[in-house]
Amino acid sequence: MNVLSLDGVAKTLVDAPLFQDVTLGIDAGEKVGFIGKNGSGKSTFLKLLTGEVLPDTGTVSRNRALTISSLPQRPRFAPGTTLDEYCFQEESGSASAGPGVEDAAAVIDYYHSLCRELGLDDPAAKMDTFSGGMVRKASLARCLARGAGFLLLDEPTNHLDLDTTEWLEDRLRAAPFGFILVTHDRYFLDGVCGSIMEIADGTILKYAGSYSTYLDRKAKREEERDRAEQRRASILRGELEWLKRGPRARTGKDKGRKERIRSLLDSGAQAELEMREFTSTHRRLGKKVLELHAVSKTYDGREVLKPLSYSFRRGERIGIIGPNGSGKTTFLRIVAGETAPDGGTVSAGETTVFAHLKQASEAARAGLTVLEYMKELAEHVPQESGGSLSAEQFLERFLFPRSMHGVTVDRLSGGELRRLTLIRLLATAPNFLLLDEPTNDLDLDTIRQLEDYLADFPGCLLLVSHDRAMLDRLTDSLLVFDGNGGAGAFVGDYEDYRSEREAQAREAAAAAREAAREAAREAAREATREGAGGGAGRQAQGRPARPERTALSFKERREYEQLVGEIELLENEQKSLEQAFQHPPTDPIARAAEGRRYEELARLLEQRMARWEELAQRAGD
């Protein structure tokens, strides 16, 4: 049953049509991934669904019983707002929550529970003191706590650490409610969405299946399009040859053939609007790149970075991971020379040129246009192949046509501003890149092109990212921040790190199970000794009395008998997963799900063993 329906919907912003004649339906409980280029209208479309924005033509229908809760791309709150107050502060466009919202106590209790789960423990903490990741966590807690039947999630993983990203992925995968999810995280899309909605070429279409299925079908469509383009080019060559013959040599209906040629030329125009690949000139790094010696930093009495020493080598590609607020951004600022350490020294080589892409794109001066923002840094941009491009030409290469050069920066979408900031930095010809969540707000095509550029980048790379696919492709080692000021090195990519962490969790779980079994065996031996040697006499000598055995009820006896079989099944499944972990993963997403299932099995076994021991003691077995 459709809970959201659109019929012939169109929307234009600032004389630019975003989409036209959109007709589709969303079912109850449907989990939809929403993708499209930056500035194509994804956020505007979500606002249409809540009623915050009205369509120019067509209708948007919502089921009367439907309740919607929205997670905006950029949460807003008044200065001084506390975590508690934020729970009931309304975002523009957010619909009221679902059943039970009238019971404010129930909502705030669930909100507090989610906040604690996400590491936000102080209800009186001020939102404007939070990091970007902490603000995102609070926004997620508020969105989920309202109990709505349908969620609209605009870039929910932006700024989140990897553990929280995986926490949210698990929760959404198991959720009974439906949602539309705008995200650039490819693993996340593939893990939680059962259908994909794409906005492109002024229309919105929905495809059944996962993101992987969508990509397979898209590849086939592009192959067919390429074949059609080759046929078009072949026909066009023949038609142009005919046109060159001159009026006397041409026979037949000139007008009809000219119209056909014009149509063939127009049909190929769309392919010419693709963004060029990211490029920059490179300065050669010297023998000395960057040396950190016992660098440390403290904020408000909290040790954010304990003394850390490291000597960077040419071509190193290091991923930085850790909980939100653990000091990753501070570390990048220290490396870039933007923040002074409290202790230790930072020494960069004479040829080292940093480019620091910050987690949130810095706002340009009020009223600055796209072209003015670019020209602040460079009037001309040197090219790797020699020569240079003017600022106007450089912008055009990255889908900023001359019609946008006079647009003020504050009118750009989040992804457009991110792309503009990125190409502006690359124009400085850096050889040491410091990228803090570079994929935030970027569309998937731009992320792929950025990855291609970074894969071939000859300089050094420090990458803070929650994008697991990017970390796996681009990094050779990790710097893992523990949230207590410490940072340790790990050789390998994120998938290697996750596999090792899962192996450690398995070993810990096995040790805990063996300890529980040994405790149960010791309890049984103790019971046997007391029964044989006269427990009452020893009790009279001052030893504590054991709890009296009590007969099990019929229901408990049945539970006791069934627990043995349940424990055996759980252990068998755990052993099966352990065997699978001995082999390299063929599907990183499936392997991640297996890891989470293994951790769940460890918890279930611990619970079942504890219950079995309790019932065994009472039964006297």
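Residues numbered from 1 in each chain as written. Predicted model: local features only at pLDDT ≥ 70, side-chain atom pairs only at ≥ 80, totals over all residues. Heavy atoms only, no water.

1. Observations concerning the overall build of the protein
Selection criterion: Starting at the N terminus, helices and strands are each numbered in turn, a helix being any DSSP run of H or I of at least four residues and a strand any DSSP run of E of at least two. For every residue, the accessible area obtained with a 1.4 Å probe (protein chains only) is divided by the maximum for its type, and the residue is called buried under 20%, exposed over 50%, and partly exposed between those limits. The contact definition used throughout considers only heavy atoms, calling two residues in contact when any of these lie within 4.5 Å. Residue burial considers only the protein chains on display, and all accessible areas are found by Shrake-Rupley using a 1.4 Å probe.
For the protein, the helix and strand inventory stands at 18 helices and 20 strands. With 621 residues in all, the protein has 47% of them scored as buried. Considering only residue pairs separated by 6 or more positions, the protein has 69% of its internal contacts joining residues 24 or more positions apart. For the protein, the accessible surface area stands at approximately 30900 Å², while carbon and sulfur atoms represent 51% of it.

2. Remarks on the sheet that holds strand β2 (residues 16–27)
Heads up, the condition is: Note: two strands are recorded as paired if DSSP finds a minimum of 2 bridges between them. Here the axes come from fitting lines to C-alpha atoms, over the contacting stretch only for helices, and the angles between their N-to-C directions go from 0 to 180 degrees.
Taking strand neighbours across the sheet as the criterion, the 3 strands line up as β2-β1-β4 in an open arrangement whose pairing is antiparallel. The open sheet has two free edges, formed respectively by β2 and β4 (57–62), since each of these has just one partner strand. Taken pair by pair, the neighbouring strands of this sheet meet at an average axis angle of 15°, ignoring direction. Alignment of strand β1 (residues 2–13) against β2, held across 8 bridges, turns out to be antiparallel. When the bridges of β2 are listed, Leu 6 appears paired with Leu 24.

3. Examining the packing of helix α3 (residues 104–117) against helix α4 (residues 132–145)
Going by this rule: Each crossing gets its hand from how the near helix is turned against the far one by less than a right angle, where anticlockwise is left-handed and clockwise is right-handed. Asp, Glu, Lys and Arg are counted as charged, while Ala, Val, Leu, Ile, Met, Phe, Trp, Tyr, Cys and Pro are counted as nonpolar; the rest, among them Gly, fall into the polar class.
At a closest axis distance of 9 Å, the pairing of α3 and α4 adopts a crossing angle of 140°. Classified by chirality, the crossing of α4 by α3 is right-handed. Within the contact between the two elements, α3 uses Val 107, Tyr 110, Tyr 111, Leu 114 and Cys 115 and α4 uses Ala 138, Ala 141, Arg 142, Leu 144 and Ala 145. In the contact of α3 with α4, the residues fall into 9 nonpolar, no polar and 1 charged.

4. Examining the confidence of the model for the protein
The line we're drawing: Each residue carries a pLDDT score, the predictor's confidence in it, ranging from 0 to 100.
In this model, the protein carries an average pLDDT of 82, and 82% of its residues clear a pLDDT of 70 or more. Confidence drops under pLDDT 50 across residues 535–549; counting only partners more than four residues distant or on other chains, this segment forms 14 contacts.

5. Quick notes on the pairing of strand β7 (residues 178–182)
What counts is decided by this rule: The crossover handedness rule: strands pointing away from the viewer, path from first strand over the helix to second strand clockwise, crossover right-handed.
Within β7, 5 of the 5 residues are buried, which leaves it mostly tucked inside the rest of the structure. Side-chain alternation along β7 places Gly 178, Ile 180 and Val 182 on one buried face and Phe 179 and Leu 181 on a second face that is also buried. One ladder, built from 4 bridges, connects strand β3 (residues 31–36) with β7; its direction is parallel. Of the residues in β7, the one forming a bridge with Phe 34 is Val 182. Direction of pairing for strand β6 (residues 150–154) relative to β7: parallel, over a ladder of 5 bridges. What sits directly across from Leu 153, in β7, is Leu 181. Regarding topology, helix α5 (residues 162–174) serves as the crossover connection from β6 to the parallel β7, and that connection is right-handed.

6. As for the nonpolar core
A general tendency of soluble globular proteins is for nonpolar side chains to be buried together. Operational definition: Think of a nonpolar core as a cluster: buried Ala, Val, Leu, Ile, Met, Phe, Trp, Tyr and Cys residues, connected wherever their side-chain atoms sit within 4.5 Å.
Core analysis: the largest hydrophobic core is formed by 46 residues, its most contacted members being Leu 420 and Leu 433. Among the elements that make up this core, the one with the highest residue count is helix α12 (residues 414–426) (5 residues). Residues in contact with Leu 420, not counting those within four places in the same chain, are Val 370, Tyr 373, Leu 395, Phe 400, Val 409 and Leu 412. Leu 140, Leu 144, Leu 151 and Leu 189 belong to the second-largest nonpolar core, a separate cluster that totals 42 residues.

7. Points about the pattern of salt bridges
Quick note on the threshold: Counted as salt bridges are all cases of a side-chain nitrogen of Lys or Arg within 4 Å of a carboxyl oxygen of Asp or Glu.
For the coordinates displayed, the defined rule picks out 31 salt bridges. For Lys 375, the salt bridge goes to Glu 392, with nearest N and O atoms at 3.4 Å. With Lys 375 in helix α10 (residues 370–375) and Glu 392 in helix α11 (residues 391–397), this residue pair connects regions lying 17 residues apart in the sequence. Classification of Glu 392 as buried rests on a relative accessible area of 17%. Glu 502 is the partner of Arg 498 in a salt bridge, and the nearest nitrogen-oxygen pair spans 3.1 Å. Here the residue Arg 498 and the residue Glu 502 both occupy positions in helix α15 (residues 494–533), the gap between them amounting to 4 residues, near one helical turn. The two residues Arg 498 and Glu 502 agree in class, both being buried. Ionic contacts of the salt-bridge type, sharing partners, join the residues Glu 166, Glu 169, Asp 170, Arg 173, Asp 185, Arg 468, Arg 498 and Glu 502 into one network.

8. Focus: helix α1 (residues 42–50)
With 7 of 9 residues buried, α1 is to be regarded as a mostly interior element. Among all positions of α1, only Lys 42, Thr 44, Phe 45, Leu 46, Leu 48, Leu 49 and Thr 50 are buried. Just past α1, the residue Gly 51 takes up positive phi, approximately 95°.

9. Describing the sheet that holds strand β14 (residues 354–357)
Here we have 6 strands laid out as an open sheet, ordered β14-β17-β18-β12-β19-β20, and mixed in their pairing. The strands lining the two open edges of the sheet, one partner per strand, are β14 and β20 (487–491). Direction aside, the axes of adjacent strands within the sheet are offset by 15° on average. Bridge count between strand β12 (residues 317–321) and strand β18 (residues 460–464): 4 bridges; the pairing is parallel. Note that in β18 the partner of Ile 320 across the bridge is Val 464. Running at roughly 150° to strand β17 (residues 432–436), helix α13 (residues 444–455) makes contact with β12, β17 and β18 of the sheet.

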